[in-house]
Each structure stands twice: as C-alpha cells, then as structure tokens.
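# Structural features, examined
Below, each chain spelled out in residue letters.
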Amino acid sequence: MAAGNQSTTPFVFGVDLDSCLGDYDQAFKVAIVELREDLSARTGVPLAMWPDNVDDFPPNDVWPIYESWKFLRDDLTFKRVHARCVIDGHMMQRMPLYAGAREAIETLLAIPDVEIAVVTHRAFIDENAHPDLVGYSSAAFAQTERWLRTASIHVGEPRVTFHFSGKKDGVVTNLFIDDSPGNITRLRGAGVPTITFDQPYNQRVPGLRVSHWGEVAAIVVQRMQLLESARQVQADLALFDRPSLELPSAQVRRIPMTVELPGPAVLPGLANVLAAADAESAALTR
Ligand SMILES: [Mg+2]
C-alpha cells in the first residue's frame, strides 16, 4: 500500500427511480389522459371511468396502484396499461424530476467515497405471454436512459451505476431510498437501512422517511459517519483477538508485582489505618 493511502471503501447509496427520483404518477396520468380511448378499448374498462384531466385522478393512497385508481382494475390490467403508456405514450422519458434530487446527488458525489446506484425495475412484463406488448422492455430501457441523460443524473460518471432489477437488495448498497412498501420491507429485512420517500400510499411504513430531497444528503453523510465509527470499533476490537499479539516468551518482560506501601514517615496515619484494618479482618475471620 502506498504511503498515505487512505481507506477507499466506498459508501454505496441505492436510489430507486420511479416515484422517488422521478414523478411516475404524473407521467402516468398524462399518458393515460392522452391514450384513454385506446386504453378503454383494449381493456374493456368503460371510457367513462378513465379521467380526462390529470387533475381528476383520485388520490393514489392505497398500494398497489389499481386499488387507488379503480379503472386499472387489477394487476394484469395495470401492467397492460402501463406498457401501452410506455410504448405509445413514452412515459418513461416524461417523468418530472423531483425537486432537489439532482442537487442532492451532486452534493453526495462531491464526497470522494460515495457511489450512487440507481436501481429500477423495468422488465416486469412477459412479452411472450402478451404478443400485443412486444417491444415494451426495449422501449422502457431506451426511454429510461434518455430520461437519465435529460435529468442530468451523471450518466458516464464512474461512481454512478444503473441497474435494471426488481430485487433492490440484489445490488449491494449501504443505504437505500425507495417509495414502495414492499421494497422497503424487503430491503430492511435484508439488513439494508432504507429511507422511505414519502408518498400517499406508504404512510403506514414505519421508520426514517423524507418528503423532500433536500433532507437526503445530510442523512447519507450521517450514516456514513456511523458506519465508519462502527468499522473503527470493529478494528479496535479485532486487536484484542489477534493471535499475533502473543509475543515469543523471550520478549516477554517480567514486571515485578511487589507493591511498596509508603512508610509512616510519608503518611503517618496510613500504617495505623492498615493495622486496624488487618485486625478487623482477622477478627471477622476468627
Ligand atoms: Mg419506486
């Protein structure tokens, strides 16, 4: 190791994309309003149930989304609508970036040991089972990359990596931020401290949460410091367990164990106190 080389253990901050970095619901609403007639025809859900204005959507306060937006009916209908909104509505490249997100990432990247892992689930539709949705995954990937570039999320920066994965704990991270109750539970269960990004449908999730990206950088720094302190304690404790600390006997220096008490000339009262204590001890043991 070169002289003066410091620890280079990275601190990896995992970041979810949909409804965390970017406003998924807003992009979804816009695409649904634009495509509502076609979506109604394809799904059989009556046209009157589809909002014709982005301001007319009911609150998305129950997870999963089709429990809040009843026109999505069930998980399969949701997936079909989501896929059409990607293929025809290009919604993955139209998400508004949440306020403060880019600035928070820039602040964190100014810290040399920080890495950012953006983890997002895209290929959750089986195109083999749904021939009308062929092309969904490739469109979703391309639009996501385009969105990241437009949002200036440091594409090309070696300390920012992208992962298309439904299992957020499949990427090794030290701290994560996510909005999905299921993902948060799974990450925490896997031992990854996770910040909840505040959304109406995750209000029952306990623990640490933020409602604005302006709160995030300070939490990441605090977590880094805690982890560094814990590593230092572990390193200190390991010193006590290292067999290499047992020196060869020839090097062991014998330390005389005789303790000389100060005589009466130094502390005149001490000899009497000790004598009295001895006498008392002897009386008690008699
Ligand atoms: Mg999400």
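Nothing here was measured: the structure is a model prediction, and the numbers come from that model. Counting restarts for each chain, with residues numbered from 1 along the sequence as it is written. Local features are withheld for residues below a pLDDT of 70 in this predicted model, meaning they are given only at 70 or higher, and side-chain atom pairs are given and counted only at 80 or more; totals for whole chains, interfaces and linings count all residues.

### Points about the overall build of the chain
Going by this rule: What counts as a helix is a DSSP run of H or I of at least four residues, what counts as a strand is a run of E of at least two, and both are numbered from the N terminus. Exposed residues have 12 or fewer other C-beta atoms within 10 Å of their own C-beta, buried residues have 20 or more, and partly exposed residues fall in between, where C-beta atoms are placed from the backbone. Contact criterion: two residues are in contact if their C-beta atoms, reconstructed from the backbone, are within 7 Å.
Assigned secondary structure in the chain consists of 8 helices and 6 strands. Walking the chain from its N terminus toward its C terminus, one meets helices and strands in the order β-α-α-α-α-β-α-β-β-α-β-β-α-α. Across the 286 residues of the chain, 27% fall into the buried class. Within the chain, contacts between residues at least 6 apart in sequence are counted, and of these 61% link residues at least 24 apart.

### Quick notes on helix α6 (residues 181-189)
Formally: Directions pointing from the helix axis toward each C-beta atom define the arc.
The complete set of buried residues in α6 reads Asn183, Ile184 and Leu187. Buried residues of α6, seen end-on, are gathered within an arc of 100° and therefore sit on one face of the element.

### Structural notes on the packing of helix α4 (residues 101-109) against helix α7 (residues 216-241)
We apply this condition: All axes are obtained by fitting lines to C-alpha atoms, using only the stretch in contact for helices, and the reported angles, taken between N-to-C directions, cover 0 to 180 degrees. Every angle not falling under 35 degrees, over 145, or within 65 to 115 is termed oblique; those three ranges are roughly parallel, roughly antiparallel and roughly perpendicular. Working rule for handedness: look at the near helix, and if it is turned counterclockwise from the far one by less than a right angle, call the crossing left-handed; if clockwise, right-handed. Nonpolar residues are Ala, Val, Leu, Ile, Met, Phe, Trp, Tyr, Cys and Pro. Charged residues are Asp, Glu, Lys and Arg, and all others, Gly as well, are polar.
At their nearest, the axes of α4 and α7 sit 9 Å apart, and the two run at 30° to each other. Our classification of the angle between α4 and α7 gives roughly parallel. When the axes of α4 and α7 are compared, the crossing they make is right-handed. Contacts from Ala104, Thr107 and Leu108 of α4 reach α7 at Val216, Ala217 and Val220. A class-by-class count of the residues in the contact of α4 with α7 yields 5 nonpolar, 1 polar and no charged.

### Here's the deal with the sheet that holds strand β4 (residues 175-178)
Hydrogen bonds along the backbone pair up the strands of a sheet, which may run parallel or antiparallel. The test is simple: Here the rule is simple: two strands pair whenever DSSP picks up at least two bridges between them.
Spatially, β3-β2-β1-β4-β5-β6 is the arrangement adopted by the 6 strands of the open sheet, whose pairing is parallel. The sheet terminates laterally at β3 (160-164) and β6 (209-210), the two strands that pair on one side only.

### Details of the confidence of the model for the chain
Rules: Along the chain, pLDDT gives the predictor's confidence residue by residue, from 0 to 100.
Predicted confidence across the chain gives a mean pLDDT of 86, with 81% of residues reaching 70 or more. Contacts for the low-pLDDT stretch residues 1-6, under 50 throughout, to residues beyond four places or in other chains number 0 contacts. Long-range and interchain partners of residues 261-268, a stretch whose pLDDT sits below 50, account for 3 contacts in this model, where long-range means more than four residues apart.

### Here we look at the nonpolar core
The following threshold applies: Buried Ala, Val, Leu, Ile, Met, Phe, Trp, Tyr and Cys residues form a nonpolar core when they are connected through C-beta atoms within 7 Å.
Grouped together as the largest cluster of nonpolar side chains are 51 residues, with contacts concentrated most on Val15, Leu108 and Ile116. Ranked by the residues each element gives to this core, the list is headed by helix α1 (residues 24-43), at 6 residues.

### Considering the packing of helix α3 (residues 75-87) against helix α5 (residues 136-150)
As a packed pair, α3 and α5 sit with axes 9 Å apart at the nearest point and diverge in direction by 55°. Classified by the angle between their axes, α3 and α5 sit oblique to one another. Once α3 is placed against α5, the crossing between them reads as left-handed. Of α5, the residues touching α3 (which contributes Ala83, Val86 and Ile87) are Tyr136, Ala139, Ala140 and Gln143. By residue class, the composition of the contact of α3 with α5 is 6 nonpolar, 1 polar and no charged.

### Focus on the environment of Ile87
By the secondary structure assignment, Ile87 is in helix α3. A residue is classified by how many C-beta atoms lie within 10 Å of it, and Ile87, with 19 of them, is partly exposed. Separated by 51 residues in sequence, Ile87 and Ser138 have C-alpha atoms that sit 9.3 Å apart. Not counting residues up to four positions away in its chain, the partners in contact with Ile87 are Gly135, Tyr136 and Ala139.

### As for the pairing of β3
Rules: Here, the term right-handed applies to a crossover whose path from the first strand over the helix to the second runs clockwise when the strands point away from the viewer.
Sheet analysis places strand β2 (residues 114-120) next to β3, joined by 5 bridges and oriented parallel. Among the inter-strand pairings, Ile116 is bridged to a residue of β3, identified as Val160. Of the crossover connections in this fold, the one passing from β2 over α5 to the parallel β3 is right-handed.

### Concerning the environment of Phe13
Position of Phe13 relative to the elements: it lies in strand β1 (residues 11-16). The contact partners of Phe13, leaving out residues within four places of it in the chain, are Leu108, Val114, Ile116, Thr173, Leu175 and Val220.

### As for the pairing of strand β5 (residues 194-197)
Burial along β5 is two-sided: the residues Thr194 and Thr196 and Ile195 and Phe197 are all buried. Pairing of β4 with β5 involves 3 bridges; the strand directions are parallel. Paired with Ile177 across the two strands is Ile195, which belongs to β5. In this region the chain leaves β4, passes through α6 and returns to the parallel neighbour β5; the handedness of that crossover is right-handed. The sheet contact formed by β5 and β6 spans 2 bridges and is parallel. Each residue of the ladder has a partner; that of Phe197, found in β6, is Val210.

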